Amino acid sequence: MLKNRRILLLGLLVAMVVLPLFFPLYQVHVLVLSLINIMFALSVDLVLGRVGQPNFGQAAFLGIGAYASALFSLRLHWPVPLSFLGAIVVSMVAGFLIGKIALRMRFFYFCIVTISVAQVFMLTSTNAVGLTGGPMGLTNIPRPTGVSSLKAWWLLGFVLTAAMLLLVRRLDNSKVGRAWVSMRESEKLALAVGVNTVGYALLAYVIGAGFAGIAGSFYAHYVAFIDPSMFDFSWSSMAVVATVIGGKGTVWGPLIGGAMITIIPEFLRVASAWRLPIFGLLLIVIVVFMPNGLISLPRVWHNWRSGIKEQV
Amino acid sequence: MLSVESLNVYYGVVHALKDVSLRVEDGEMVALIGANGAGKTTLLRTVSGWIRPSSGKVTFGGQDITGASCSRVVKQGVAHCPEGRRVWPAMTVQENLILGAFNRSDRSGIKTDLERIYDQFPRLKERQRQLAGTLSGGEQQMLAIGRALMARPKLLLLDEPSLGLAPIIVQGVAGVVKDINQGGTAVLLVEQNAKLALYLAQRAYVLETGNVTLEGPTADLQNNDYVKEAYLGAGRARAQ
Amino acid sequence: MNQFVQQAANGLLLGSIYSLIALGLSMIFGMMNIVNVAHGDFYMLGALVAYYTVASFHLPYAVAVVASVAVVGALGAAIERGILRRVRESAMVTTMLITLGLSLLLQNFSLMATGGVPHFIRSPFSPEPLVLGLVHVAPARLFAAVFSILFIIAVHLFLTRTKWGNAMRACFQDKTAASLAAGIDIEKVYALTFALGVGMAALAGTLLGTIFFVDPMMGAKGMTKSFVVVIVGGMGSFVGAIFSGLLLGVTETLAAAYLSSGYKDVVGFILVVLVLTFRPAGLFGKRIR
Ligand SMILES: Nc1ncnc2c1ncn2[C@@H]1O[C@H](COP(=O)(O)OP(=O)(O)OP(=O)(O)O)[C@@H](O)[C@H]1O
Ligand SMILES: [Mg+2]
């Protein structure tokens, strides 16, 4: 049984990697963008779903990763892989410093501090024209050698995303993951049984910042152009939407949500102005009626069929 | 006037009231006694409309008020003086009292009732501009009772008015409750202090883990061996 | 020196409107325990409703102000009844996610309604500045400031002197007692509180819309300004919101005049960081977390 499932999963995985290679180019491009959204949603979920705090300013780290990577490549002429690693380190260090302050706070305060941090970075990147190119942004960000075709980007992104998913899964199933669960359920209780809540929360925050840095760096080299809108609130809020509609605090939720927020608008061909309101509405509906996200759909369906009323 | 028929209440899986029936006649004082967790507060809150019963019926003055909103129940003439007093701590004594009359619109009537309550509780009058949170426990209990009376109820639900008060203060509260009843207001008195409750009321019910196990005139219950053993002096002496 | 006094006066005028919008946010949090992430969007919506009342229906500005507060207040009440009521006992993150969803909805509807073009609410005030001693003030600004101060006083009187205002305070302190003992309809109180809170944001929008442009960025600005004011002043503190609104208005205006207008919006964040470091509960807040 278990073995069959493994084989099935493996087959699915191979199909997922290989099939897009035969897709039209534009669709591969959409899939690559969805990988970026998945990586970023994963990073948001580390704080939203693990620590349980409203992280509405995660774009700070997306932007930091993007700018750091672009600047290392453009100004210091580092090779792209090195810039990429550098960007992760910079994002994680920033995450550590900001997390140290932000995690001392809760809800309202946490929310405003994280949003503010992103805005301060946006203002800085707009005004520090000499370094960041100001509102015009940075162009001609180099691509890594050997990764020139869209298909190569797809494979690279897939490997990265898979690695991040596996890491989160590993963490969730470890002592760290159990600490996160107990913190999310009740911080007081976790403290009482001796969980170092500050330490574990900071760990989630720093890993989350690193993930956002990966997404940002990947985006910068893929699109080859970035500007201060990398720090925009809409990036943060869409990632929150993705996480929540998929199912927060899970591994597969951000995957489903991140793919949905990218792919659905493409297929529906809705005017871009309608995207955010539609997802805003979807967010409300999901939070009210299916607080565990689409990932819980099978269970909700099963319970409904067998007449069990779920206690929310 | 109040009639409760086969009421069942659940908290999730906890079956807090099991087929409870009870009556309070016009102008009567009825006591409801029972140990911690017996379901006394649950019963009062269900009557008030705060908790929805899963089955059973509550009628008041001939009207079905099962599952009615709290505000409708108060408008019908049932005021609730909750367990633990629960005055609004950051509001003055006077504001607390006046809000008790929230569902009334007869300005002059409210004014005379306020004066009457100040006459009855001179301590409150002296402290009318003081924040309720700064009152002593006994004063807060008086305020909570006064607040409920401001709704000019036909029936007063009193949840453990003696809780946490010194014996001398309890005497005072007992006197007040007696006066209220003699003034014509029916009272459903919940007490763990069974001795006091049986002394004040005309009839009583004994509630044990959600079941009414005994009922009758208080004179009979005072002489009932089981009640004596479990709720009056005898049992307590042994427990100590 | 004259220049300084002039700038400080401008700051005070602006700050009084910051106080108004922030009080709405503070009230919703203090009474309902909801962080209204969409607060800035209600502020923008208020400005937009006023703009269309004047521009499309050719009604006077005074009517536009009333209409805007009424429409946004009614929308707020409807949202409370329809959505927020369902998550009343949930974790704070849940309500924050819902108001985030609302924010995305409102923000983009407004964007579509305006086509993203900045607008300007036409008010009956002359552009000719009044001279008051040392300072020159535009009549529209003076009106906006005076009106917000009067409205704040009116809200204060409502909360302390009227039946429903007292009922709101009572529910905030102990809603069980409010229901059981006084028979206060807490459903109505919640709807009223949310309506009043977002109505205050809308009013601020109608006032600032005659001075600044009404554009899609307005919501984000309204949100951050009001969040800053509430944190600096102290959560749920009436006096705190007024004081820190004025403080933010003055420091921002002075910073724009003497430092750099590009970094003007950073001033608020610096204030937040300072306050959270030295007085985490805010200047007028009680110590709660
Ligand atoms: N909100 C609640 N959720 C779950 N269970 C509850 C709740 N309130 C009460 N209970 C349970 O219902 C039962 C009856 O409680 P209730 O408060 O009515 O008792 P009581 O007789 O008033 O006790 P006490 O004398 O201690 O006030 C208890 O077992 C209690 O644990
Ligand atoms: Mg009780």
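The coordinates are above.
Residues numbered from 1 in each chain as written. Chains lettered and ligands numbered in written order. Predicted model: local features only at pLDDT ≥ 70, side-chain atom pairs only at ≥ 80, totals over all residues. Heavy atoms only, no water.

Draft legend 1. Expanded view of the overall build of chain B. The helix and strand inventory of chain B stands at 11 helices and 10 strands. Computed over the C-alpha atoms, the radius of gyration of chain B is 18 Å, within 12% of the 18 Å expected from 2.2 N^0.38 for a compact globule of 240 residues. Along the longest, intermediate and shortest principal axes, the C-alpha atoms of chain B span 45 × 40 × 35 Å. A buried classification covers 55% of the 240 residues belonging to chain B. The long-range fraction of contacts in chain B, counting pairs at least 24 apart against all pairs at least 6 apart in sequence, stands at 66%. (Helix = DSSP H or I, 4+ residues; strand = E, 2+ residues; numbered from the N terminus. Rg over C-alpha atoms; globule rule 2.2 N^0.38 Å. Buried < 20%, exposed > 50% of the residue type's maximum accessible area, 1.4 Å probe, protein only. Contact = heavy atoms within 4.5 Å.)

Draft legend 2. Spatial organisation of the sheet that holds strand 9 (residues 203–208) of chain B. All names here are of chain B. Strand order in the open sheet formed by 6 strands is 6-7-8-3-9-10, and the pairing between neighbours is mixed. Looking at which strands have only one partner, the edges of the open sheet turn out to be strand 6 (78–81) and strand 10 (211–217). Direction aside, neighbouring strands of the sheet carry axes that sit 15° apart on average. Bridge analysis of strand 6 against strand 7 (residues 155–159) gives 4 bridges, and the strand direction is parallel. Along strand 7, the bridge assignment pairs C81 with L158. In the packing of helix 1 (residues 40–48) onto the sheet, contacts are made with strand 3 (29–33), strand 6, strand 7, strand 8 (186–191) and strand 9, and the angle to strand 7 comes to roughly 150°. Set on the sheet, helix 6 (residues 137–149) makes contact with strand 6 and strand 7; between it and strand 6 the angle comes to about 170°. (Pairing = 2+ DSSP bridges. Axes fitted to C-alpha atoms, helices over the stretch in contact; angles between N-to-C directions.)

Draft legend 3. Structural detail: unusual backbone geometry. All names here are of chain B. You will see that R85, though not glycine, has its phi angle at about 70°, which is positive. Tracing the backbone shows R85 in the loop between strand 6 and helix 3 (93–100). Take R85: its relative accessible area is 14%, and that puts it in the buried class.

Draft legend 4. Geometry of the pairing of strand 1 (residues 2–11) of chain B. All names here are of chain B. As judged from the 7 bridges shared by strand 1 and strand 2 (residues 14–24), these two strands associate in the antiparallel manner. Residue S3 lies in a different strand from strand 2, and its bridge partner there is R23. Where strand 1 folds back on strand 2, the antiparallel hairpin that results is connected by 2 residues, among which G12 adopts a positive phi of roughly 60°. Where strand 1 meets strand 4 (residues 55–60), 5 bridges bridge the pair, whose relative direction is antiparallel. When the sheet's bridge partners are listed, S3 is paired in strand 4 with T59.

Draft legend 5. The pattern of salt bridges, seen in detail. Summed over all chains, the structure comprises 20 salt bridges over all chains. The salt bridge partner of R50 of chain A is D45 of chain A, with a shortest N-O separation of 3.1 Å. Of the two residues examined, R50 of chain A and D45 of chain A, each falls in the buried class. Between K225 of chain C and E252 of chain C there is a salt bridge, and its shortest N-O distance comes to 2.8 Å. Pair noted here: K225 of chain C is in helix 9 (residues 218–233) and E252 of chain C is in helix 10 (residues 238–258), with a separation of 27 residues, a long-range link. Judged by relative accessible area, which is 10%, K225 of chain C ranks as buried. A relative accessible area of 1% places E252 of chain C in the buried class. (Salt bridge = Lys/Arg side-chain N within 4 Å of Asp/Glu carboxyl O.)

Draft legend 6. Expanded view of the state of the cysteines. Following the criterion strictly, the structure yields 0 disulfides over all chains and no others. Note on C81 of chain B: no disulfide assigned, nearest cysteine sulfur contributed by C70 of chain B at a separation of 15 Å. Classification of C81 of chain B by relative accessible area gives buried; the value is 0%. A disulfide-free cysteine, C171 of chain C has its sulfur positioned 11 Å from the sulfur of C70 of chain B, the nearest such atom. Taking the relative accessible area as the measure of exposure, C171 of chain C reaches 9% and is therefore buried. (Disulfide = S-S within 2.5 Å.)

Draft legend 7. Local environment of the site of ligand 1. Residue and element names in this part refer to chain B. Near ligand 1 you find 13 residues, and of these N36, G37, K40, T41 and T42 are the closest. In the environment of ligand 1, an oxygen atom lies 2.9 Å from a nitrogen or oxygen atom belonging to the backbone of G39. Contact with the protein chains covers 61% of the free accessible surface of ligand 1, which is 630 Å². Element by element, the count of residues in the shell around ligand 1 is highest for helix 1, at 3 residues. Each residue belonging to the shell around ligand 1 can be placed in one class, and the counts come to 4 nonpolar, 6 polar and 3 charged. (Near = heavy atom within 4 Å. Polar contact = N/O pair within 3.5 Å; in protein donor to acceptor, adjacent residues only side chain to side chain. Areas by Shrake-Rupley, 256 points an atom, 1.4 Å probe, with all protein chains shown as cover. Nonpolar A, V, L, I, M, F, W, Y, C, P; charged D, E, K, R; others polar.)

Draft legend 8. Just the nonpolar core, in detail. If you look at the biggest cluster of nonpolar residues, it comprises 188 residues, and the most contacted ones within it are F56, F108 and I226 of chain A together with F42 and I184 of chain C. Residue contributions to this core peak at 16 residues, all from helix 10 (residues 197–223) of chain A. I117, F121, L135 and L158 of chain B belong to the second-largest nonpolar core, a separate cluster that totals 49 residues. (Core = buried A, V, L, I, M, F, W, Y, C linked by side-chain atoms within 4.5 Å.)

Draft legend 9. Region of the structure containing the coordination of the magnesium ion (ligand 2). Within the protein, the atoms that donate to the magnesium ion (ligand 2) are T41 of chain B (OG1) and E83 of chain B (OE), at distances of 1.9 to 2.4 Å. Here the residue T41 of chain B occupies a position in helix 1, and E83 of chain B occupies one in the loop between strand 6 and helix 3, the gap between them amounting to 42 residues. (Donors = N, O, S within 2.8 Å, 3.2 Å for Na, K, Ca; no water.)

Draft legend 10. Spotlight on the arrangement of the chains. Counting contacts across all 2 pairs of chains that touch, the top pair turns out to be chains A and C. A minimum C-alpha distance of 9 Å separates chain A and chain B, which share no contact.

Draft legend 11. Spatial organisation of the interface of chain B and chain C. Contacts between the two partners involve 20 residues from chain B, matched on the other side by 21 residues from chain C. Here chain B and chain C share an interface that buries about 1900 Å² over both sides, 65% of which is from carbon and sulfur atoms. Area buried by chain B at its contact with chain C is led by W50, W88 and F102 of chain B, which between them contribute 37% of it. Linking chain B with chain C are 2 salt bridges, by the criterion used here. Across the salt bridge formed by R169 of chain C and E95 of chain B, the nearest N and O atoms sit 2.9 Å from each other. The tally of links from chain B across to chain C stands at 9 residue pairs in polar contact (both at pLDDT 80 or more). Elements with a contribution of two residues or more to the side of chain B that touches chain C: helix 1, helix 2 (70–76) and helix 3 of chain B. (Buried area = accessible area lost by both parts, 1.4 Å probe.)

Draft legend 12. Local environment of the environment of G219 of chain C. Residues and elements named next belong to chain C. The residue G219 is located in helix 9 in this model. Assessed through its relative accessible area of 3%, G219 is described here as buried. C-alpha of G219 to C-alpha of L150: the two residues are 69 residues apart in sequence and 24 Å apart in space. Setting aside residues no more than four positions away along its own chain, G219 makes contact with G40, D41 and M44.

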